[in-house]
Amino acid sequence: MEDYEIVNLYWERSETAISETKKKYGHRIVYVIGNILSLEQDVEECVNDTYFGAWNAMPDARPGYLSAFLCRIAKNLALKRYKYLVADKRNKSLETAFEELDGVIGTLDIEQEIIAKQVAEAVNAFLKMKKPLHRKIFVRRYYFCDSIDGIAAHLNLSKSAVKSILFRIRKELKKYLESEGLM
Amino acid sequence: MKNRYKKLYDIMELLEDGFIEEALEEESKICRFPLWKCIVAAACACVLVMGSGLFLSKYKDSKSQNIGNGEVNKKQDEVLPGIKYEKNVADKNSLEKIVCNFMSEGAGGGGHGWLIVKSFEDAASKNPTRNNTGGITQLPVFKNEDGLWSDGRDGQDFKESEIYFGNRLYEEKRDYSYDGASGNRWGVCFRSDKQESLTDQLLEYTFYRLNFRFYGEEGWGYDIMKPPSGTGKMYPVISLEEAEKKLRNGEFFSHDAYAVDVAGTAQVLSVELEYMTEEYQSYLQPFYKFTITDKSWYKELYKIMESQGCKTPEEYKSVSEVYVPAVRDEYIDIKDSAVLRTN
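Keep in mind that what you see is a predicted model, and the values were worked out from it rather than measured.

**Some words on the overall build of chain A**
Thinking step 1. Broken down by element type, chain A carries nine helices and zero strands.
Thinking step 2. In sequence order, chain A lays out its α and β elements as α-α-α-α-α-α-α-α-α.
Thinking step 3. Here chain A holds 183 residues, and the buried ones make up 49% of them.
Thinking step 4. The long-range share in chain A, meaning contacts at least 24 apart out of those at least 6 apart in sequence, stands at 62%.

**Quick word on the overall build of chain B**
Thinking step 1. What chain B contains, in helices and strands, is six helices and 15 strands.
Thinking step 2. Across chain B, the fraction of contacts at a sequence separation of at least 24, relative to all contacts at a separation of at least 6, is 75%.

**With respect to unusual backbone geometry**
All names here are of chain A.
Thinking step 1. Note the cis peptide between Met-58 and Pro-59, where omega equals -15°.
Thinking step 2. Residues Pro-59 and Asp-60 are joined by a peptide bond in cis, for which omega reads 25°.
Thinking step 3. Here Asp-60 is to be found in the loop between helix 3 (40–57) and helix 4 (66–85).
Thinking step 4. Here Arg-13, not a glycine, exhibits a phi torsion of approximately 60°, which is positive.

**Considerations on the sheet that holds strand 12 (residues 283–284) of chain B**
Residue and element names in this part refer to chain B.
Thinking step 1. Pairing within the open sheet is antiparallel, and its three strands lie in the order 9-3-12. Taken across any chain shown, the strands that pair with only one partner, and hence form the sheet edges, are strand 9 (233–236) and strand 12.
Thinking step 2. In this sheet, strand 12 lies alongside strand 3 (residues 138–143) in antiparallel orientation, the contact comprising two bridges. Pairing of Phe-142 across the sheet is with Leu-284, part of strand 12.

**A short note on the environment of Pro-128 of chain B**
Residue and element names in this part refer to chain B.
Thinking step 1. Checked against the element boundaries, Pro-128 lands in the loop between strand 2 (115–117) and strand 3.
Thinking step 2. On the basis of neighbour counts, which here come to 23 C-beta atoms within 10 Å, the residue Pro-128 falls in the buried class.
Thinking step 3. Distance from Pro-128 to Ser-192, taken between C-alpha atoms, is 8.8 Å for residues 64 residues apart in sequence.

**Topic: the confidence of the model for chain B**
Residue and element names in this part refer to chain B.
Thinking step 1. Looking at chain B as a whole, its pLDDT mean stands at 75, while 71% of the residues score no less than 70.
Thinking step 2. Counting contacts from residues 27–76, a segment whose pLDDT is below 50, to residues more than four positions away or on other chains yields 70 contacts.
Thinking step 3. Here residues 338–343 scores under 50 on pLDDT; set against residues more than four positions off or in separate chains, the count is 22 contacts.
Thinking step 4. Across the predicted assembly, pTM comes out at 0.61 and ipTM at 0.78.

**Digging into the nonpolar core**
Thinking step 1. Membership of the largest hydrophobic core comes to 120 residues, with the highest contact counts inside it found for Ile-33, Leu-70, Ala-74, Ala-78, Val-139 and Val-162 of chain A together with Ile-20 of chain B.
Thinking step 2. When residues of this core are assigned to their parent elements, the largest contribution, 10 residues, is made by helix 4 of chain A.
Thinking step 3. Beyond its immediate sequence surroundings of up to four residues, Val-162 of chain A is in contact with Ile-137, Ile-148, Ile-151, Ala-152 and Leu-157 of chain A.

**Brief notes about the environment of Arg-168 of chain A**
Thinking step 1. On the secondary structure map, Arg-168 of chain A appears in helix 9 (residues 159–179).
Thinking step 2. Put simply, Arg-168 of chain A and His-134 of chain A are 34 residues apart on the chain and 9.6 Å apart in space, counted from C-alpha to C-alpha.

**Quick look at helix 2 (residues 17–24) of chain B**
Thinking step 1. The complete set of buried residues in helix 2 of chain B reads Phe-19, Ile-20, Ala-23 and Leu-24 of chain B. Seen from one end, helix 2 of chain B has its buried residues packed into an arc of 130°, which puts them on one side.

**Considering the confidence of the model for chain A**
Thinking step 1. When pLDDT is averaged across chain A, the result is 82; 87% of the residues are at 70 or more.
Thinking step 2. Mean pLDDT across the elements of chain A bottoms out in helix 5 (residues 93–105) of chain A (71) and peaks in helix 1 (residues 3–11) of chain A (92).

**So, the packing of helix 1 of chain A against helix 2 (residues 16–34) of chain A**
All names here are of chain A.
Thinking step 1. At a minimum axis distance of 8 Å, the contact between helix 1 and helix 2 shows a crossing angle of 150°. Comparing their axes, helix 2 and helix 1 come out roughly antiparallel. Our pair here, helix 1 against helix 2, has a crossing hand that is left-handed. Here Ile-6, Leu-9 and Tyr-10 of helix 1 lie close against helix 2, whose contacting residues are Thr-16, Ala-17, Glu-20, Thr-21 and Lys-24.
Thinking step 2. Of the residues that constitute the contact of helix 1 with helix 2, the class distribution is four nonpolar, two polar and two charged.

Conventions and cut-offs
- Residues numbered from 1 in each chain as written.
- Chains lettered and ligands numbered in written order.
- Predicted model: local features only at pLDDT ≥ 70, side-chain atom pairs only at ≥ 80, totals over all residues.
- Helix = DSSP H or I, 4+ residues; strand = E, 2+ residues; numbered from the N terminus.
- Buried ≥ 20, exposed ≤ 12 C-beta atoms within 10 Å, placed from the backbone.
- Contact = placed C-beta atoms within 7 Å.
- Pairing = 2+ DSSP bridges.
- pLDDT = per-residue confidence, 0-100.
- Core = buried A, V, L, I, M, F, W, Y, C linked by C-beta atoms within 7 Å.
- Arc of directions from axis to C-beta.
- Axes fitted to C-alpha atoms, helices over the stretch in contact; angles between N-to-C directions.
- Parallel < 35°, antiparallel > 145°, perpendicular 65-115°, else oblique.
- Left-handed = near helix turned anticlockwise from the far one by under 90°.
- Nonpolar A, V, L, I, M, F, W, Y, C, P; charged D, E, K, R; others polar.

Right, here's the structure in full:
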């Protein structure tokens, strides 16, 4: 089923919207949540909450990219639960990914929302110039917090290749932000 | 999540939807190179395993090699840059501190090790110092250089490659996924000469190597290591006993953030000296790598494997690899995580 048809089902309040979403994007939602939460039970509950979140959001939302829309809901819910569970130190992959990026963007004074937006725009512009493979690796690591192993397996690359590419992208991103006067 | 990461999270949340969609696209399972090349590749890999295969040469002007019958020009590896290092610690008082950094991969979810294997041998290396570290009191440290690893080569014939090792060994490791059915294989071909000193053998294992990766039935690729061109500076290293003490105190790096939970109880399966060779590292320096397992991991591991459809989880074992810096404490400046090289 096409995305717009699924979105229409949500707008029509048809319960098949959820089963169709599950059929088409269920595995992606599990992937997003699974990178943040480890225990199966937590993941499962969060997946169900994501469908519920989508049900509540549409209408009014009519997303252009349904998959990205669902992933954002899933990621936010998973992070909320992660914060709750963090005392039990369930999964550190999230913080590991942010630690890597911290040296590039973390040094910026981005407390103000307007600066954060400028940096985000610059990151988007930078990514547009990158090869699709490099972009995928970057997004999987720093948006989805996927592990190096997971990225390597998904993209048929060696772990050392993934690490090298990430290292180079971070270095280039830092240079790019400097050239844009943001650092 | 730490507060300081909140702003990073906010920025990443503003990534364009198109990038998110793109990253989630299913990778097509196409073979990266034609079937005939896969067959040639498989044949070559077999040849390697049997010790009669061959490799490469960027140095096209050297004598030609014949892959078909295994005739090779053994002088080829003489044109590789030699690994230069000081033979002794010059002056302990004047040795400068080196940065020791490690980037965790965030592997492991707690409750079990980060590799699932059927046999402990699945995770065993052919490192010449494996369970043979005795007597090494000093090792050279090299400044990292750009371009440590070549870009990956997928399906490229060895004939077109760049290095040939006259004497070589082949190592293969593997692990399994939670369902027990699929997994990864990694191969390493490295130059090896048992007549050399243990230090030289370790340096050859580290720097004269090709790392292979296999894509199931679909193909393979490899990365080539570029040996350091600078002269290694000799540093004193701790003894195995001192390293074991650090292991038990949890003073180690690991890709598995939870390995520290079992520091006191873990069973050591093997220990070897290993150089970490990642681009982000400021210095290429030795670590004691302990391969460990722990009884407490199995209950959780089997539960997860069963839930993922594995019918015989008890056939599997769980291991982690942890790294104790080998250079003596007074000469290293440990960074918890590495983002960019400082040199």
